[in-house]
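Residue-level structure breakdown
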Amino acid sequence: MRASHHIDREDASGGPVESTLTTHERALGDLGLVVQDLSRTLTNLDMGHDSEIIKLTPVESMVMNQIDAAPGITPRQISEALDLKSSNAAAALRSQEAHGFFTRGPDPHDGRVSHLHPTPLAQRNLARVKSVWVQALTPALPKEADPTVLVAHLTSLRDSLRRAGH
């Protein structure tokens, strides 16, 4: 893995000079833009043909993904993992709780803490959303591309950035 480094070439306004970036540095910058744009594209896909899908905002989706990936997670852990203000996480949780997407379980050691667990409704909703994504991504993905490998690379990249505190 390549060590992180700071690009110290700046223009008069203090920003990096694009023309002085290496091909590798430009590609990494472009990767960030493409991943961000792909996320936005997937978020904005029309789910209209499946009337049972409950569409979530991007923040609600991130919060629900945390609950789905780590059943028993606490609201505080979600806020920390996603670097969200507790009020923003609380708002997303209120909305999802109103939809019936998770249950709260007590902490055996601290009555002020609750542990969140996804409900079958949340799991069905996620399965339906993934089905829409499969329908959109299947014809768009080059035949030679292996989605399993792409997921592994992107997961590794995400995890490395999180470990580095980004």
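Residues numbered from 1 in each chain as written. Predicted model: local features only at pLDDT ≥ 70, side-chain atom pairs only at ≥ 80, totals over all residues. Heavy atoms only, no water.

Running from amino to carboxyl end, helix α2 (residues 58–69) crosses helix α4 (residues 86–99) at an angle of 75°, the nearest separation of the two axes being 9 Å. The angle between α2 and α4 places the two elements in the roughly perpendicular class. Residues Val59, Glu60, Ser61, Val63, Met64 and Ile67 of α2 touch α4, and the partners they reach there are Ala92, Leu93, Ser95 and Gln96. Of the residues belonging to the contact of α2 with α4, the class tally is six nonpolar, three polar and one charged. (Axes fitted to C-alpha atoms, helices over the stretch in contact; angles between N-to-C directions. Helix = DSSP H or I, 4+ residues; strand = E, 2+ residues; numbered from the N terminus. Parallel < 35°, antiparallel > 145°, perpendicular 65-115°, else oblique. Contact = heavy atoms within 4.5 Å. Nonpolar A, V, L, I, M, F, W, Y, C, P; charged D, E, K, R; others polar.)

Among the nonpolar cores identified, the biggest contains 15 residues, and Val63, Met64, Ile67, Ile78, Leu93 and Leu116 are the most heavily contacted of them. Of all the secondary-structure elements, those providing two or more residues to this core are α2, α3 (75–82) and α4. (Core = buried A, V, L, I, M, F, W, Y, C linked by side-chain atoms within 4.5 Å. Buried < 20%, exposed > 50% of the residue type's maximum accessible area, 1.4 Å probe, protein only.)

As a further point, take a nonpolar patch on the surface. Together, Leu28, Leu31, Val35, Leu154, Leu157 and Leu161 give the surface a local cluster of nonpolar side chains, amounting to about 460 Å² of exposed area. Taken together, the elements giving at least two residues each to the nonpolar patch come down to α1 (23–43) and α6 (147–163). Inspection of the secondary structure assignment puts Leu161 in helix α6. (Patch = residues over 30% accessible without salt bridge, like charges linked within 9 Å, V, L, I, M, F, W, Y side chains within 5 Å. Areas by Shrake-Rupley, 256 points an atom, 1.4 Å probe, with all protein chains shown as cover. Salt bridge = Lys/Arg side-chain N within 4 Å of Asp/Glu carboxyl O.)

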